[in-house]
Amino acid sequence: MVRIASFHLVRADRRITTLGHLAADRRHLGRADGLAFWRLLGTGCGSDTAPSADLRRRALFAVWRDESDLDAFLRSSPVAEAWAGAVEAWHVRLRGLGGHGSWRGFDVLAQVDPGTDTGPVAVVTRADVRREAWRTFRRAGPGVSAEVQRAAGLLAVAGVGELPVGRLGTFSLWSGLDAIAAFAAQPRHRDAVRRTRREGWYGEELFARFEPYASSGTWDGRDPLGA
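Cut-offs and rules
Residues numbered from 1 in each chain as written. Predicted model: local features only at pLDDT ≥ 70, side-chain atom pairs only at ≥ 80, totals over all residues. Heavy atoms only, no water. Pairing = 2+ DSSP bridges. Helix = DSSP H or I, 4+ residues; strand = E, 2+ residues; numbered from the N terminus. Axes fitted to C-alpha atoms, helices over the stretch in contact; angles between N-to-C directions. Salt bridge = Lys/Arg side-chain N within 4 Å of Asp/Glu carboxyl O. Buried < 20%, exposed > 50% of the residue type's maximum accessible area, 1.4 Å probe, protein only. Contact = heavy atoms within 4.5 Å. Phe/Tyr/Trp six-rings, centres within 6.5 Å; stacked < 30°, edge-to-face > 60°. Lys NZ or Arg CZ within 6 Å of the ring centre and 35° of its normal. Arc of directions from axis to C-beta.

Visitor: Which parts of the structure should I look at to understand the sheet that holds strand β3 (residues 54-64)?
Guide: Strand pairing in a sheet relies on backbone hydrogen bonds. The paired strands run either parallel or antiparallel. As summarised here, the arrangement of the 8 strands in space is β1-β3-β2-β6-β7-β5-β8-β4, forming a closed barrel in which the pairing is antiparallel. Averaged over all pairs of adjacent strands, the angle between their axes in this sheet comes to 30°, without regard to strand direction. Pairing of strand β1 (residues 4-11) with strand β4 (residues 88-101) involves 7 bridges; the strand directions are antiparallel. Across the sheet, residue Val10 finds its bridge partner in β4, namely Ala89.

In structure tokens, the structure reads:
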């Protein structure tokens, strides 16, 4: 068995199409063979990682018990059929590179096979923001987002979330581990991380690095991994 994760980013042509698919997709995903864990996600506007909403774009993060299960899903699932008719869709397969935390109690990194860190790296972050910390978290968002946009080695980034308030995260692609380390040292990001620990912003969090070893489709008109 080859255990992997996958990330899928899909843009629809009308807002009502995306909102309608979110409800329908849940039913189909609940019956998908080999799907160990999944989360349907809304996305932020463009590459903005601060709280925002693009109602024409949606995402899926999934963990598969075997890579062949993902292959079968992409061949025959009604969800994948809908993706094929979207304005654009981008898909990537992921192996684990390390990190910490969990997602709704699920240990994502323990459930995927290890990859290699000699090329581009994908990063998934997500957090359950405590209600009392939401305003502080929201105020910190634009500054950190601006640092992300300027970061050397950033290939692509999208804000994602299970809910518009409280359960938010990011999916990003980087040229390598050195680029991630350089961004982590940026002042606004570093200060936000310190305050998160000191003030207890999150009830649960995940920071996970992955090897993005196979991609297809387009994200804003291109494949950021150049595949």
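That was the structure; now back to the text.
Visitor: How should the pattern of salt bridges be read in this particular structure?
Guide: Side chains carrying opposite charge are able to pair once their charged atoms draw close together. As enumerated under the stated definition, the model contains 14 salt bridges in all. A salt bridge links Asp25 to Arg58; the shortest N-O distance between them is 3.6 Å. One end of the pair, Asp25, is in helix α1 (residues 15-29); the other, Arg58, is in strand β3, and 33 residues separate them in sequence. Per residue, the accessibility class of Asp25 equals that of Arg58, and both read buried. The salt bridge involving Arg126 is made with Glu162; its shortest N-O contact spans 3.2 Å. You can see Arg126 sitting in strand β5 (residues 121-129) and its partner Glu162 sitting in the loop between β6 (154-161) and β7 (167-174), a full 36 residues away along the chain. We classify Glu162 as buried; its relative accessible area is 18%. Members of the salt-bridge network, linked through shared partners, are Arg39, Arg104, Arg126, Asp128, Glu162 and Glu204.

Visitor: Would you explain the environment of Gly159 in this entry?
Guide: As for its position among the elements, Gly159 is in strand β6. Classification of Gly159 as buried rests on a relative accessible area of 6%. In this structure the C-alpha to C-alpha distance between Gly159 and Pro114, which are 45 residues apart in sequence, comes to 25 Å.

Visitor: Would you mind going over the environment of Gly153 with me for this structure?
Guide: Within the secondary structure, Gly153 sits in the loop between α4 (134-150) and β6. Here Gly153 falls in the partly exposed class, since its relative accessible area comes to 26%. Sequence separation between Gly153 and Thr43 is 110 residues; the distance between their C-alpha atoms is 22 Å. Ignoring sequence-local partners within four residues, the contact set of Gly153 consists of Leu173, Trp174, Ser175 and Ala179.

Visitor: What is the right way to look at the side chain of Asp25 in this model?
Guide: Looking at Asp25, the relative accessible area reads 2%, which means it is buried. When residues no more than four places from it in sequence are discounted, the contact partners of Asp25 are Leu40, Arg58 and Val79.

Visitor: Just checking my understanding: could you explain the packing of aromatic side chains for this structure?
Guide: How two aromatic rings sit relative to each other is set out by the distance from centre to centre and by the angle between their planes. Counted by the stated rule, this structure contains 15 aromatic pairs. Looking at Arg95, its charged tip hangs above the ring of Tyr213, at a distance of 3.6 Å from the centre.

Visitor: Looking at this structure, how should I read helix α5 (residues 177-184)?
Guide: Along an α-helix, residues three or four positions apart point the same way, because every turn accommodates 3.6 residues. Turning to α5, its buried residues are Ala179, Ile180 and Phe183. Along α5, the residues classed as buried sweep out an arc of 100° about the axis, all on the same side. Against β5, α4, β7 and α6 (187-199) lie the buried residues of α5.

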